[in-house]
Every structure is written in C-alpha cells, then in structure tokens.
Amino acid sequence: MTQHDRLLIVDFGSQVTQLIARRLRELNVYCEIHPYQNVTDAFLAAFAPRAVIFSGGPDSVTRAGSPRPPQSVYALGVPILGICYGQQVMMQDLGGRVEAGEHATAEFGRAYVEQTGKDDDFLFGWFLEGREQVWMSHGDHVAEIAPGFQVLGTSPGAPFAITADPARRFYAVQFHPEVHHTPNGRTLYENFIRLAGFRGDWTMGAYREEAIAKIRTQVGDGKVICGLSGGVDSSVAAVLIHEAIGDQLTCVFVDHGLLRQNEAAEVVAMFRDHYNIPLIHADESDLFLGALDGVSDPEVKRKTIGKLFIDVFQKHAAEVGGAEFLAQGTLYPDVIESVSFSGGPSVTIKSHHNVGGLPEKMGLKLVEPLRELFKDEVRALGHELGLPASFIGRHPFPGPGLAIRCPGEITREKLEILRKADAVYIDQIRRHGLYDEIWQAFVALLPVRTVGVMGDGRTYDYACALRAVTSVDGMTADYYPFSHDFLSETATRIINEVKGINRVTYDITSKPPGTIEWE
C-alpha cells in the first residue's frame, strides 16, 4: 500500500478546521485532523508528519489551562503553519506575548493585510500590489512576536498579521486562509505544501485502491451487510465494498416509509438489475411510522429512527446467515457534526442516525469506507467507480428521510402531501436547467395550517417552505437566488397540483446560522 506524505492538522476547536482539510485535499495532500489533546509525544512519533498546521479556536492562550500542543512538535524539524488561535499558541509557546482582546484590537470579518516584510520563502507571494483581502475572526492579539520571527504583514487590528521564522520554517497568520472570504488563501496553502515538499499523490484513484485493500484486510472471508438508503453515500459505499469482496456483501434496503416519490422502486431496480448486488428489500414502513406516531421533537425522531435502523439490520443480518460486519455510508461531516472536538456534548449540532458505532448486543463490526471523505470527494470516488453521472449528481438525501423535512408530528397524510410537493419542486428545477447548480433542494412541510381562497371557497391547508442551497462541502451553505418568476411559477404549480397546500414560502437562511435541513 502506498505510504503518503502526511500532514497533521492540530484542532483547537475552530468551527472551520474542516475547511483546512478540504483545501489540502483539493491539492492532493493526505491530511488528518486530530484534537489537540490527542496529539501526544508518542502520537507525533508514530504519525511522522511532513508538516503541521495549528487550527484556530475559541479559547484564549492568556487563560491558564488553555489548549496547547506538546512542545515536542516544535522539535520535529518540519514546517508549521499557525492560523488565528494557532498563531497565538506559537507566539506564546516560543517566547512571544499575547494580550486579551479589547474592542480596538479585535477584528471580525473582511480585513486587508498590507505586506511589510520580504518573504524569502515566497510563502506569501500571492500579494497583489502588496495588499490582500483576508477574513479575520479574533479578539486576542499578538502583542510581541517570539524570538526569531519577523513581521511580513499587518492589518489595522493585527500588527503581526503575518509572521515567519524562515530558519525553522515556522509561519503564522492571524487571519483564516481556509475560508472563501480570503480569496487567495488557496495559494498560501499551495506554497506551504510546496515548501514542505509534498508530492501531491493523494487522489481518488489512490483512495479507491487503498480502501479496497483495507476492506479486504478488515473483512477477510467474512460476510457484510450494507445499509443502503439509495442515496449517493451508501450507494458508493456499496459499490466500493462489492468491488472489494464480491458476493460476500448483501445490501439491505430499508423502506422506512419516509422516502421520496417512487424512490424505493428505483433503488431496487438499479441495484438488482444494473449492479447485480445481492439485495434484501425490507419494507418496514409500518414499524417506523408506528414508532414515530405522535413524536414531534427532532432529536427524538432521529434517535428513534437510528435505533430502529439497528434493530432492522440486526433482524436481517440473521437472514443473511453469519454476517459479521455492517457497512454504512457515514461521511466526515456527519462525524464532525455529531461530536465536538473536545468530545463533549455542549457543541453537538444534531445527532446522525448512522454515527456512533453499534450496540455490543448486535455482534457486528462496523465497515465505514467513506468516513473520512467529504461529499464532493464521495462523488469523485463514484466517478472513479463508474457509477452513472446522473446518479452521482443527485442531491443529498438524509438517512432519516422525510421525517426531518416534516417538522412536528408525522402522519401518512402529511408525508404524501410532502412527497407530491417535493416532486413538483424538483421537476421545476430540472425543467429550468438548475439542478446541477444547486447542492441540495427540497420541500419542508410546515406544522401550521393557513387560511386561503381557492375558487369561491375558503381553504385551511398546510404551508410549505422551499429550500435550495449552494455549497462546496456541506459545512457552509448559501441559499440559491431563484428569480421571482421561478418562485411564482413553482408556487402556483404546487398549490394547483398538490391537494393540502395553500401557501408556499422560500427559505433564504444560510448555514450557519441555520442548518441545511430543517431538523
């Protein structure tokens, strides 16, 4: 198996640490994110990174007990890049000084850095006329740089916005080059990995080969059941695993009664007819909808669905006979949103039905070949595996299905209304040639009825919300700017074609502060 050059990202709790990994993976660099408390001397020796990046974070290095890396990281002899809190950690650890934030020195949002020093390593050779737009988000500031460092750039709120110690190849910036609001941040990362000597040899082709080898090693001659939802993630996982172990894999497609219109029939036909992968179609809609009857709390919905998924898999694992492994299409953002960097529950955003392992009583070991991939990487892997482009390009669909697009209590009547409305909406998007421009689009059926007039009669029907977002990786998202003509035409079609809806709204919330899904 290929031994890639590895870059270590030490996570201090920034909301955008994952974007650092995305930028590096786009540059074909293998990297891993590890919480600072897991980065010990022994870990560093075993991981042997070619370079290290310190992420941002919400803490203050002026506080006793604030997050720090082990001192041994500075003795590795590899390039280190500190970002925001990561810069402050480097300065404080290496003999500089950081001061707690004051209003006059805090910076949040767009800022401009002026080049003030000579960049012999050309790490910051992306400056245009000596001035760059960047994205700042800091309260504390560096008051005195550490010995050996020089100042290469300043901003109004950060006199040491860019610092460098070329002799030790230590670099630190107060801004966030990983976010899109720093337009030339990618070039900084390109220069950093060039300086560190990375070969850029981590590709989806390489990942495919290594994932197949890992699956074969893990599974041996055992049997695997794969939870197949029909979405891109679980489907790519199933095809990848099937390529690795053939008929040792059996897919279990759970129809929980929360799927989109005609979805069950399409999934069954594709996997049985096109891929010839052994498939169990488990119609468990009565079980799921019965358990969700009267449930309105979104976390209870997710946890109920997650528990039932495990129960159903356990039942069908017995049908397969001797299954030892359960495969899932868990992705990196699922893992990130379910567990905070410190392992605590306080910043959990929402539970994911397919994250967190399996209860011991189930007796199955977990196979998650996509666990370290972002959504766009899964699509790239799907292309590598030869899945149809029309299928790979499908919008994401959550494991809990329409349950989280139907806030409040779920009924069969409401689900049928929602299916029809969603089908009309997606048809409209396709008719207007917008489907591939949008990351994800769906209808949410709101738990309120509103008064309307149709013909000469009064109506009292449901309101719905249209949702469509653009995104690169699902971690952040903006609403799609439909024209008013499109929205008007779509609303008219939904109200005319879907009995039970008399009011249509459009959700223009970004992520953050909202999430893409409503629950």
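Residues numbered from 1 in each chain as written. Predicted model: local features only at pLDDT ≥ 70, side-chain atom pairs only at ≥ 80, totals over all residues. Heavy atoms only, no water.

Looking at an unreviewed UniProt entry, one finds the protein named GMP synthase [glutamine-hydrolyzing] and attributed to Rhodovulum strictum. Regarding the protein, the relevant UniProt record gives this comment under Function (unreviewed entry): "Catalyzes the synthesis of GMP from XMP." (UniProt positions renumbered as here; feature names shortened; annotations may be inferred.)

Once that is clear, we can look at the domain arrangement of the protein. Here the protein is partitioned into domain 1 (7-196), domain 2 (204-393) and domain 3 (412-506). Counting residues at the interface gives 12 residues for domain 1, matched by 9 residues for domain 2. For the domain 1 and domain 2 pair, buried surface summed over both sides reaches about 920 Å², with 54% attributable to carbon and sulfur atoms. If you sort the residues of domain 1 by the area they bury against domain 2, Gln 18, Arg 22 and Arg 25 come out on top, with a joint share of 54%. (Domains from an automatic or database assignment. Contact = heavy atoms within 4.5 Å. Buried area = accessible area lost by both parts, 1.4 Å probe.)

UniProt records the feature "binding site: ATP" (unreviewed entry) for Ser 229, Gly 230, Gly 231, Val 232, Asp 233, Ser 234 and Ser 235 in the present numbering. Filtering the just-named annotated residues for those lining the largest cavity gives Ser 229. Apart from residues lying up to four places away in sequence, Gly 230 is in contact with Ser 235, Val 267, Phe 391 and Arg 394. Within the secondary structure layout, Asp 233 lies in helix α6 (residues 232-245). For Asp 233, a relative accessible area of 16% translates into the label buried. Apart from residues no more than four positions distant in its own chain, Asp 233 is found in contact with Gly 329, Leu 331, Leu 370, Lys 375 and Val 378. (1 Å grid on protein atoms, 1.4 Å probe; cavity = no way out; pocket = protein on both sides within 12 Å on 5 of 7 lines; lining within 4 Å. Helix = DSSP H or I, 4+ residues; strand = E, 2+ residues; numbered from the N terminus. Buried < 20%, exposed > 50% of the residue type's maximum accessible area, 1.4 Å probe, protein only.)

The next thing to look at is the environment of Pro 159. In this structure, Pro 159 sits in strand β10 (residues 158-165). In this structure Pro 159 comes out as partly exposed when scored by relative accessible area, which is 39%. Measuring from C-alpha to C-alpha, the distance between Pro 159 and Ile 241 comes to 53 Å, with 82 residues separating the pair along the chain. Beyond its immediate chain neighbours, meaning those up to four positions away, Pro 159 contacts Val 142, Val 151, Gly 153 and Thr 154.

Time to look at the UniProt feature "active site" (unreviewed entry) in the protein. Those places that UniProt annotates as "active site" (unreviewed entry) correspond, in this numbering, to Cys 84, His 176 and Glu 178. Despite a sequence span of 95 residues, these residues sit close together in the fold, their greatest C-alpha distance being 11.2 Å. Within the secondary structure layout, Cys 84 lies in the loop between β4 (80-83) and α3 (85-93). Mapped onto the elements, Glu 178 comes out in the loop between β11 (170-173) and α4 (185-196). The class of Glu 178 is buried, set by a relative accessible area of 0%. Apart from residues no more than four positions distant in its own chain, Glu 178 is found in contact with Val 16, Leu 19, Ile 20, Arg 23, Ile 83 and Tyr 189.

Once that is clear, we can look at the nonpolar core. Judged by nonpolar contacts, the single largest core of 96 residues is most densely connected at Phe 271, Tyr 425, Ile 429 and Phe 482. Two domains each provide a minimum of three residues to this core, namely domain 2 (204-393) and domain 3 (412-506). With residues up to four places along the chain from it excluded, the contact list for Tyr 425 reads Ala 441, Phe 442, Val 443, Leu 466, Arg 467, Ala 468, Phe 482, Phe 486, Thr 490 and Tyr 506. One finds Leu 19, Met 136, Tyr 171 and Tyr 332 within the second-largest nonpolar core, a separate group that totals 42 residues. (Core = buried A, V, L, I, M, F, W, Y, C linked by side-chain atoms within 4.5 Å.)

A word on the pairing of β11. What you see with β11 is no split at all: Phe 170 and Ala 172 on one side and Tyr 171 and Val 173 on the other are buried throughout. Bridge count for β10 against β11 is 4 bridges, and the pairing is antiparallel. By the bridge assignment, Ala 164 is partnered in β11 with Tyr 171. Remark: 4 residues form the turn of the hairpin made by β10 and β11, two consecutive strands paired antiparallel; Arg 169 in that turn has positive phi of roughly 60 degrees. (Pairing = 2+ DSSP bridges.)

Let us now look at empty space enclosed by the protein. Per the counting criterion, the structure on display carries 2 cavities of 30 Å³ or more. Approximately 40 Å³ is the volume attributed to the largest cavity. Lining the largest cavity are Ser 229, Val 254, His 256, Leu 259, Phe 309, Phe 397, Pro 398 and Gly 399. Grouping the amino acids of the lining of the largest cavity by side-chain chemistry returns 5 nonpolar, 3 polar and no charged. (Points joined across faces, edges and corners; volume = space filled by probe spheres on them. Nonpolar A, V, L, I, M, F, W, Y, C, P; charged D, E, K, R; others polar.)

This next bit is on helix α8 (residues 285-292). Listed as buried for α8 are Ser 285, Phe 288, Leu 289 and Leu 292. Projected onto a plane normal to the axis of α8, the buried residues spread over an arc of 90 degrees and lie on a single side. Buried residues along α8 sit in contact with β13 (249-255), β14 (279-283), α9 (298-320) and α13 (412-431). Of the residues trailing α8, Gly 294 is marked for its positive phi of about 80 degrees. (Arc of directions from axis to C-beta.)

On to the sheet that holds β13, then. With parallel pairing, the 5 strands of this open sheet are ordered in space as β14-β13-β12-β15-β16. Strand pairing shows two members of the sheet lacking a second neighbour, β14 and β16 (365-367), which therefore form its edges. Neighbour to neighbour, the strand axes of the sheet diverge by 30 degrees on average, direction disregarded. Where strand β12 (residues 223-228) meets β13, 5 bridges bridge the pair, whose relative direction is parallel. Its bridge partner lying in β13, Val 224 is registered against Leu 249. Contacts from helix α5 (residues 204-219) reach β12, β15 (323-327) and β16 within the one sheet, and its direction differs from that of β16 by about 165 degrees. (Axes fitted to C-alpha atoms, helices over the stretch in contact; angles between N-to-C directions.)

Before going further, it helps to spend a moment on the packing of helix α1 (residues 17-26) against α4. Packed helix pairs are specified by the crossing angle of their axes together with the interaxial distance, meaning the distance between the axes. As a packed pair, α1 and α4 sit with axes 10 Å apart at the nearest point and diverge in direction by 65 degrees. Accordingly, the angle class assigned to the pair α1 and α4 is roughly perpendicular. For the pair α1 and α4, the sense of crossing is right-handed. Facing Ile 20, Arg 23, Leu 24 and Glu 26 of α1, the residues of α4 in contact are Arg 186, Tyr 189 and Ile 193. (Parallel < 35°, antiparallel > 145°, perpendicular 65-115°, else oblique. Left-handed = near helix turned anticlockwise from the far one by under 90°.)

Turning our eyes to something else, we now look at the state of the cysteines. Overall, the coordinates contain 0 disulfides when judged by the stated rule. This cysteine, Cys 84, is not joined by any disulfide, and Cys 31 carries the nearest cysteine sulfur, 19 Å off. Sulfur of Cys 226: no disulfide; nearest cysteine sulfur belongs to Cys 251 and is 4.6 Å away. (Disulfide = S-S within 2.5 Å.)

Our next topic: the pattern of salt bridges. Tallied over the entire structure, the rule returns 33 salt bridges. For Asp 5, the salt bridge is made with Arg 199, and the minimal N-O distance between the two is 3.1 Å. Taken as a pair, Asp 5 in the segment before β1 (6-11) and Arg 199 in the loop between α4 and α5 lie far apart in primary sequence, 194 residues in all. Notably, a salt bridge pairs Arg 493 with Glu 497, separated by 2.8 Å at the nearest N-O pair. Placement of the pair is Arg 493 and Glu 497 together in helix α14 (residues 484-497), with a separation of 4 residues, close to one helical turn. (Salt bridge = Lys/Arg side-chain N within 4 Å of Asp/Glu carboxyl O.)

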